Amino acid sequence: MLNLVLFGPPGAGKGTQSEKLIAYYQLVHISTGDIFRAHIKNHTALGQQVSQLITDGKLVPDAITIAMLEEEVKQNPQAKGFIFDGFPRTVTQAEALDAFLTSKNQQITAVIALDVTQEELTNRIAERKKLTNRPDDDAEKLKKRIDEYFTKTIQVLPYYEAQGKLDKVNGIGEIDTIFADLCKVIDSL
Ligand code: ADP
């Protein structure tokens, strides 16, 4: 099984590249952000619970996020592998994911971090805001999400580096060039 974590700050291109990777490698894409947004749209109990936090750009508590992620993996027993996008965002989530996969005799194959400068991120999210109208894409909320990334989420990188599982790919440039670079890393795993 190929189990990848695609890692990077808001706007790094995780969603775009995940779409291409799942098609090419026949993987199941699990984006915790997408799942939360679907819950909010469908007015589920979970959606109501997390809606304000997400609008404010804050992280959803680990227990809720981990339970939701495990449920999603369980719903795909035939998967050849997964791309985890937006998860894990904390070391607690990373530890929970390892424990969960170990219990299924699986593991994370690699973590690929998309490297993008802060300036490029701000520009991209301003563009995305025009197209998608995500309520968490305005300047102040965005700043909060980028802060959450650089204070909490970034701590996940040394966790995987210590396991020898971390690879970095330049996330600035043509979408297809970045995709080719990702494929090179994955094919060498
Ligand atoms: P971004 O495009 O900013 O990377 P996502 O679409 O991945 O954002 O997630 C949107 C929001 O959903 C986050 O700002 C956070 O509130 C919540 N969220 C998503 N994944 C997680 C997670 N693993 N842990 C906690 N909160 C999460």
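Residues numbered from 1 in each chain as written. Predicted model: local features only at pLDDT ≥ 70, side-chain atom pairs only at ≥ 80, totals over all residues. Heavy atoms only, no water.

Asks: Help me understand the site of the ligand in this model?
Replies: Around the ligand there are 19 residues in total, and Thr32, Lys58, Gly86, Gln93 and Arg145 lie nearest to it. In the model, an oxygen atom of the ligand is placed 3.4 Å from a nitrogen or oxygen of the Lys14 side chain. Here an oxygen atom of the ligand sits 2.7 Å away from a polar atom, N or O, in the side chain of Arg145. Bound to the protein, the ligand loses 96% of the 550 Å² it would expose on its own. Among the elements that take part in the shell around the ligand, helix 2 (residues 32-41) stands out by supplying four residues, more than any other. Grouping the constituent residues of the shell around the ligand by class yields six nonpolar, five polar and eight charged. (Near = heavy atom within 4 Å. Polar contact = N/O pair within 3.5 Å; in protein donor to acceptor, adjacent residues only side chain to side chain. Areas by Shrake-Rupley, 256 points an atom, 1.4 Å probe, with all protein chains shown as cover. Helix = DSSP H or I, 4+ residues; strand = E, 2+ residues; numbered from the N terminus. Nonpolar A, V, L, I, M, F, W, Y, C, P; charged D, E, K, R; others polar.)

Asks: Just to check I follow, could you spell out the packing of aromatic side chains for this structure?
Replies: The description of two aromatic rings rests on the distance between their centres and on the angle between their planes. Across all of its chains, the model carries six aromatic pairs by this definition. Measuring from ring centre to ring centre gives 5.9 Å for Phe7 and Tyr149, while their planes differ by 50°; the resulting arrangement is tilted. Of the two residues, Phe7 sits in strand 1 (residues 2-7) while Tyr149 sits in helix 7 (residues 139-151), which places them 142 residues apart along the sequence. For the residue pair Phe7 and Tyr149, the accessibility class agrees, reading buried in each case. (Phe/Tyr/Trp six-rings, centres within 6.5 Å; stacked < 30°, edge-to-face > 60°. Buried < 20%, exposed > 50% of the residue type's maximum accessible area, 1.4 Å probe, protein only.)

Asks: Explain the sheet that holds strand 1 here, please?
Replies: Taken together, the five strands give an open sheet; going across it, the order is 2-3-1-4-5, and neighbouring strands pair in parallel fashion. Each end of this open sheet is capped by a strand with a single partner; those strands are strand 2 (28-31) and strand 5 (166-170). In this sheet, neighbouring strand axes are inclined to one another by 25° on average, regardless of whether the strands run parallel or antiparallel. Taken together, the five bridges between strand 1 and strand 3 (residues 81-85) define a ladder with parallel strand orientation. Across the sheet, Leu4 pairs through a bridge with Ile83, a residue of strand 3. Lying on the sheet, helix 9 (residues 175-187) is in contact with strand 1, strand 4 (110-115) and strand 5; it crosses strand 5 at an angle near 160°. (Pairing = 2+ DSSP bridges. Axes fitted to C-alpha atoms, helices over the stretch in contact; angles between N-to-C directions. Contact = heavy atoms within 4.5 Å.)

Asks: Looking at this structure, I do not really get the pairing of strand 3. What am I missing?
Replies: Consecutive side chains of a regular strand alternate in pointing toward one face of the sheet and then the other. Judged by how many residues are buried, strand 3 sits mostly within the fold: five of five residues are covered. Of the two faces of strand 3, both are covered, the one formed by Gly81, Ile83 and Asp85 as well as the one formed by Phe82 and Phe84. With four bridges joining them, strand 2 and strand 3 adopt parallel strand pairing. By the bridge assignment for strand 3, Ile30 is matched with Phe84.

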